[in-house]
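The primary structure of each chain is shown beneath.
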2 protein chains.
Amino acid sequence: MDIISRYKELYEVVALAAGSNITLLLKQVKQFRPKIVSVQGPIDKATFRQEIQSCNCELVTGQEGLLQAAKYPEADLVVSAISGASGLIPTYEAVVSGKDIALANKETLVMAGKIIKQKAQEKGVQILPIDSEHSAIFQCLMGNDHQEIKRLLLTASGGPFFFTRREEFCNISYQKALEHPTWSMGEKVSLDSATLMNKALEVIEAKWLFDLPIEKIEVIIHPESIVHSMVEFCDGNILALLSVPDMRLPILYALSYPTRIPLDLPSLDLPRMKSLNFYASDTKKFPCLQLGYQAIRQGETMPAVLNAANEVALKAFKQGLIGFSDIPIIIEKTLNCHQPAPLREIEDALWADRWARKQTRDIIGRFV
Amino acid sequence: MDIISRYKELYEVVALAAGSNITLLLKQVKQFRPKIVSVQGPIDKATFRQEIQSCNCELVTGQEGLLQAAKYPEADLVVSAISGASGLIPTYEAVVSGKDIALANKETLVMAGKIIKQKAQEKGVQILPIDSEHSAIFQCLMGNDHQEIKRLLLTASGGPFFFTRREEFCNISYQKALEHPTWSMGEKVSLDSATLMNKALEVIEAKWLFDLPIEKIEVIIHPESIVHSMVEFCDGNILALLSVPDMRLPILYALSYPTRIPLDLPSLDLPRMKSLNFYASDTKKFPCLQLGYQAIRQGETMPAVLNAANEVALKAFKQGLIGFSDIPIIIEKTLNCHQPAPLREIEDALWADRWARKQTRDIIGRFV
């Protein structure tokens, strides 16, 4: 919203979708004047409608309302930024409606990459990454031939525990796991960064976005979060994208693509940073990363199961039912129970998601 | 030559030009079978011709011979890699003959950038950089709009004395000045790296290659020579090119452009490097950098004077006539004596070069 408020002459918000932060939503409706607004959380409709009565804005609720917002006829582009598996169907429906997608919800491609990419191609829809890593790769690939890619190097900050000894992982509290060292993000992404599951999901997302075999996608730890990712080409040259860690940059790029628009933020001051550091990723300490590779290698419904098992395990961790180091154990147990089924339609991903949630809850029930 | 020997089916050497290393030249003639070979240094023509008699290769000598090689009709592309001002005329003549240029000789653009660029445009000639910094920028700009450039960040290793205290500069010997920390290069470039004049020349080269105002070109010290340069765009995103410091990479890119060809060298191992460091450049300690900006701001014949004064000062330093810290003093004195004259034809650059050499020698004569 900050980006759009800077370029009012270029962008217009026609639809807004919110979860449960009604106070912020009201402020945004009054400022951006969308034609439709969708709310998922509990809401006093009468009061809300009264508050926005001068705005000529329709209030819709529930899954049906969310889809109305996602498919709103006047929209050219949908910013898909719902957190977790809930983002899949609205994004899919936006693609089916022929809208370009600025994609922040990585679960869409993790759960149903094959289907989404097929549908996007069929509808002539562009999927523009908002994740800083994928935006970086997307920018590094501009003007370069996909055939010449040797490997993608996805950078990971390593999260708050990269330098913590593995033996201490069992003592990590929920609050500690939320404290991301470089990015200010929502709860789900912060937790996923702590386990490196976030990077596992991004590896799968990259596979679909850039249509590459998983063997060409590597993860490298870079605690400063200045190099957002890199592409190595067949001739040994590596293009890297650097910037201050501020989500407004990849968001603006997804909106302004294929051009760039001046953004008045402080430049990255490399001499002030002094040094950028890189480490090999550690799959022993962070098994979630390995589980991600395993799931996408098995393919079909397996990544959707990975994602659902992760969401359920995180919830159990939040509730204090399991410890931080139990998260990958629970997910692996769920994966091991799953026989990948063909991913033919979007419903297949939803089925796998439901199956995995129940299975993971059962495993946690037996575990605690 | 190593690159060409790896891709015999793609490239053919039709002309070779050498200075005085006859032993190496003979080996190259026998291996690459050029149709013409030019020698500048002293040579026993009869013996040489006998040595290559089975090669069906014509020997030419002197400036006239060098130009014959530079304009050789069958050549599509000329790799211009003569060191110093001597590279100007052969490169100019190759451009006039309509040949694409793979440019390692930065003096060509420093001395006569305006003329060379005009002529290249007129003849539809591509100038492809071989300097690692300029190749990096060239690659970062692929698929991006020149209008969207905020600034170029040319990286400099800082040379062998970046961490030496300024007070110790007067004691730096010729041998010490040749010891470049990261690149293995010829004598002239190694010395220029020690004074940072190399970077000053590269700033001027970048100005002409990428057609940018000098204010948009900055220098940043990066001792590891892994990031070869960067481009910051108007939206705050920075593209950087990284690789192992090996000149074969930019050479291959200039030859293979606009495609990339697989090169079987070890990949850059960033976790093994651990950290990449950056520092602001220090023009107090390295006044040559500032002299470069001053010369290109004044423009016209001034950069040619800068270059010639530098070459003469380096020679005097080699001969022990002046100390390391006298080099920028001598150059500055020469610049201060020069009234920039319009650069209309290539002869104007040659005139400025001759004028400056005499002037610098006079200044050194009075100085010692």
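What counts and what doesn't
- Residues numbered from 1 in each chain as written.
- Chains lettered and ligands numbered in written order.
- Predicted model: local features only at pLDDT ≥ 70, side-chain atom pairs only at ≥ 80, totals over all residues.
- Heavy atoms only, no water.
- Helix = DSSP H or I, 4+ residues; strand = E, 2+ residues; numbered from the N terminus.
- Rg over C-alpha atoms; globule rule 2.2 N^0.38 Å.
- Buried < 20%, exposed > 50% of the residue type's maximum accessible area, 1.4 Å probe, protein only.
- Contact = heavy atoms within 4.5 Å.
- Areas by Shrake-Rupley, 256 points an atom, 1.4 Å probe, with all protein chains shown as cover.
- Lys, Arg positive; Asp, Glu negative; His and termini not counted.
- Charge placed at Lys NZ, Arg CZ, Asp CG, Glu CD.
- Phe/Tyr/Trp six-rings, centres within 6.5 Å; stacked < 30°, edge-to-face > 60°.
- Lys NZ or Arg CZ within 6 Å of the ring centre and 35° of its normal.
- pLDDT = per-residue confidence, 0-100.
- Pairing = 2+ DSSP bridges.
- Axes fitted to C-alpha atoms, helices over the stretch in contact; angles between N-to-C directions.
- Parallel < 35°, antiparallel > 145°, perpendicular 65-115°, else oblique.
- Left-handed = near helix turned anticlockwise from the far one by under 90°.
- Nonpolar A, V, L, I, M, F, W, Y, C, P; charged D, E, K, R; others polar.
- Disulfide = S-S within 2.5 Å.
- Least-squares fit on C-alpha atoms with pLDDT ≥ 70 in both.
- Buried area = accessible area lost by both parts, 1.4 Å probe.
- Salt bridge = Lys/Arg side-chain N within 4 Å of Asp/Glu carboxyl O.
- Arc of directions from axis to C-beta.
- Core = buried A, V, L, I, M, F, W, Y, C linked by side-chain atoms within 4.5 Å.
- Domains from an automatic or database assignment.
- Polar contact = N/O pair within 3.5 Å; in protein donor to acceptor, adjacent residues only side chain to side chain.

Q: I keep staring at the overall build of chain A and nothing clicks. Help me out?
A: What chain A contains, in helices and strands, is 16 helices and 12 strands. At 20 Å, chain A has a C-alpha radius of gyration in line with the 21 Å of a compact globule built from 368 residues. For chain A, the C-alpha atoms occupy an extent of roughly 60 × 50 × 40 Å along the three principal directions. Within chain A, the fraction of its 368 residues that count as buried is 58%. Within chain A, residue pairs in contact and separated by at least 24 positions form 66% of the contacts whose partners lie at least 6 positions apart. Carbon and sulfur atoms make up 49% of the accessible area of chain A, which amounts to about 15400 Å² in all. Considering chain A, the positive charge centre built from 40 side chains and the negative charge centre built from 43 side chains are found 3 Å apart.

Q: Help me understand the packing of aromatic side chains in this model?
A: When we look at a pair of aromatic rings, we describe it by the centre distance and by the angle of the planes. Summed over all chains, the structure comprises 26 aromatic pairs over all chains. Ring geometry for F138 of chain B and Y253 of chain B: centres 6.4 Å apart, planes at 70 degrees, overall edge-to-face. Taken together, the residues F138 of chain B in helix 7 (residues 132-141) and Y253 of chain B in helix 11 (residues 248-256) connect sequence positions 115 residues apart. Relative accessible area serves as the criterion here: at 19%, F138 of chain B is assigned to the buried category. Put simply, the rings of F161, F162, F163, F169, Y174, Y279, F286, F317 and F324 of chain A touch in pairs and so form one group of aromatic residues. The lysine or arginine in question, K285 of chain A, covers the ring of F162 of chain A, its NZ or CZ lying 5.8 Å from the ring centre.

Q: It is not clear to me how the confidence of the model for chain A should be interpreted in this structure. Could you clarify?
A: Interpretation of the predicted coordinates at a detailed level should be avoided for regions scoring low in pLDDT. Per-residue pLDDT for chain A has a mean of 96; in total, 100% of the residues score no lower than 70. Both confidence scores are given for the complex: pTM 0.96, ipTM 0.96.

Q: Looking at this structure, I do not really get the sheet that holds strand 6 (residues 127-129) of chain A. What am I missing?
A: Adjacent strands of a sheet pair through backbone hydrogen bonds, lying either parallel or antiparallel. All names here are of chain A. Here three strands make up an open sheet; going across it, the order is 4-5-6 and the pairing parallel. For this open sheet the edge positions go to strand 4 (77-80) and strand 6, each flanked by a neighbour on one side alone. Neighbour-to-neighbour, the strand axes of the sheet open up by a mean angle of 20 degrees, direction not taken into account. Here strand 5 (residues 100-103) pairs with strand 6 via three bridges, running parallel. Each residue of the ladder has a partner; that of L103, found in strand 6, is P129.

Q: Would you take a moment to explain the packing of helix 6 (residues 107-123) of chain A against helix 14 (residues 302-318) of chain A for this structure?
A: For any two helices packed against each other, the geometry is given by the interaxial angle and the distance between the axes. All names here are of chain A. The geometry of helix 6 relative to helix 14 is characterised by a closest axis approach of 8 Å and an angle of 150 degrees between their N-to-C directions. Here helix 6 is positioned roughly antiparallel relative to helix 14, judged by the angle of their axes. Crossing of helix 6 over helix 14 shows left-handed handedness. Between helix 6 and helix 14, the residues in contact are E107, V110 and M111 and P303, A304, N307 and E311, respectively. Of the residues contributing to the contact of helix 6 with helix 14, the split by class is four nonpolar, one polar and two charged.

Q: What should I look at first to understand the state of the cysteines in this one?
A: Two cysteines joined by a covalent bond between their sulfur atoms form a disulfide. Under the counting rule described, the total for this entry stands at zero disulfides over all chains. Of all cysteine sulfurs, the one in C140 of chain B lies closest to C140 of chain A, which takes part in no disulfide; the gap is 8.3 Å. Free cysteine: C337 of chain B, not disulfide-bonded; nearest cysteine sulfur from C288 of chain B at 16 Å.

Q: What is the right way to read the relation of the copies chain B and chain A from this model?
A: The relation between the two copies of this chain is a rotation about an axis and a shift parallel to it. Laying chain B over chain A is done by rotating through 180 degrees and shifting 0.0 Å along the axis; what remains is an RMSD of 0.0 Å. Both chain copies can therefore be described as sitting about a two-fold axis. Closest approach to the rotation axis among the C-alpha atoms of chain B is made by G143 of chain B, whose C-alpha sits 1.9 Å away. A high fraction, 100%, of the interface residues of chain B reappear at the interface in chain A, so the copies pair face to face through one surface.

Q: For this particular structure, what's the right way to read the interface of chain B and chain A?
A: Interface extent is often summarised as the accessible area lost during association of the parts. Taken together, the 42 residues of chain B in the interface contact 42 residues of chain A. When chain B packs against chain A, close to 3600 Å² is buried across both sides, 54% of that on carbon and sulfur atoms. Per-residue buried area on chain B facing chain A is highest for D235, N237 and R260 of chain B; these three make up 19% of the total on that side. Across the chain B-chain A interface, the total number found is two salt bridges. The residue R260 of chain B makes a salt bridge to D235 of chain A at a minimum N-O spacing of 3.0 Å. Taken together, the elements giving at least two residues each to the side of chain B that touches chain A come down to helix 7, strand 7 (149-156), strand 9 (227-233), strand 10 (238-242), helix 11, helix 12 (270-273), strand 11 (275-277) and strand 12 (279-280) of chain B. By residue number, the principal contributor to the side of chain B that touches chain A is strand 10 of chain B, which donates five residues. Taken together, the residues that form the side of chain B that touches chain A break down as 25 nonpolar, 10 polar and seven charged. As paired elements, strand 11 (residues 275-277) of chain A and strand 11 of chain B share three bridges and run antiparallel to each other. In the sheet register, L276 of chain A faces strand 11 of chain B, and the bridge partner there is L276 of chain B.

Q: Teacher, can you tell me more about helix 2 (residues 22-32) of chain A here?
A: An α-helical segment advances 3.6 residues per turn. Residues three or four places apart therefore align on the same side. Residues and elements named next belong to chain A. Every buried residue belonging to helix 2 is among L25, L26, Q28, V29 and F32, and all of these are buried. Down the axis of helix 2, the buried side of the element spans an arc of 165 degrees, and every buried residue falls inside it. Exposed residues pointing more than 90 degrees away from the buried face of helix 2 are listed as T23 and K27. Along its buried surface, helix 2 packs onto helix 1 (2-6), strand 1 (15-18), strand 2 (36-39) and helix 3 (45-51). Looking one or two residues beyond helix 2, the residue adopting positive phi is R33, at roughly 50 degrees.

Q: What am I meant to see in the pattern of salt bridges here?
A: Side chains that differ in charge, positive against negative, can pair when their charged atoms come close. All names here are of chain A. Scanning the model with the defined rule gives 52 salt bridges over all chains in all. The residue K199 makes a salt bridge to E133 at a minimum N-O spacing of 2.7 Å. Taken together, the residues span a long stretch of sequence, with K199 in helix 10 (residues 197-209) and E133 in helix 7 (residues 132-141) at a distance of 66 residues. The exposure class of E133 is buried, given its relative accessible area of 9%.

Q: Explain the nonpolar core to me, please; I cannot follow it from the model alone.
A: Core analysis: the biggest nonpolar cluster contains 186 residues, and I331 of chain A together with I331 of chain B have the highest contact counts within it. The contact partners of I331 of chain A, leaving out residues within four places of it in the chain, are M197, C288, L291, L306, A309, N310 and A313 of chain A.

Q: For this particular structure, what's the right way to read the domain arrangement of chain A?
A: All names here are of chain A. Annotation of chain A at the domain level lists domain 1 (2-129) and domain 2 (135-367). For domain 1 and domain 2, the distance between their C-alpha centroids amounts to 24 Å. Listed as interface residues are 32 residues of domain 1 and, on the opposing side, 36 residues of domain 2. Together, the buried faces of domain 1 and domain 2 total about 3000 Å²; carbon and sulfur atoms form 70% of this surface. For the pair domain 1 and domain 2, the number of links is four salt bridges. K114 is paired through a salt bridge with E300; the nearest N and O atoms lie 3.4 Å apart. Applying the counting criterion to the domain 1 and domain 2 interface returns 10 residue pairs in polar contact (both at pLDDT 80 or more). Breaking the side of domain 1 that touches domain 2 down by element, the ones donating at least two residues are helix 1, strand 4, helix 5 (88-96), strand 5, helix 6 and strand 6. Here the element with the most residues in the side of domain 1 that touches domain 2 is helix 6; it accounts for 10 residues.

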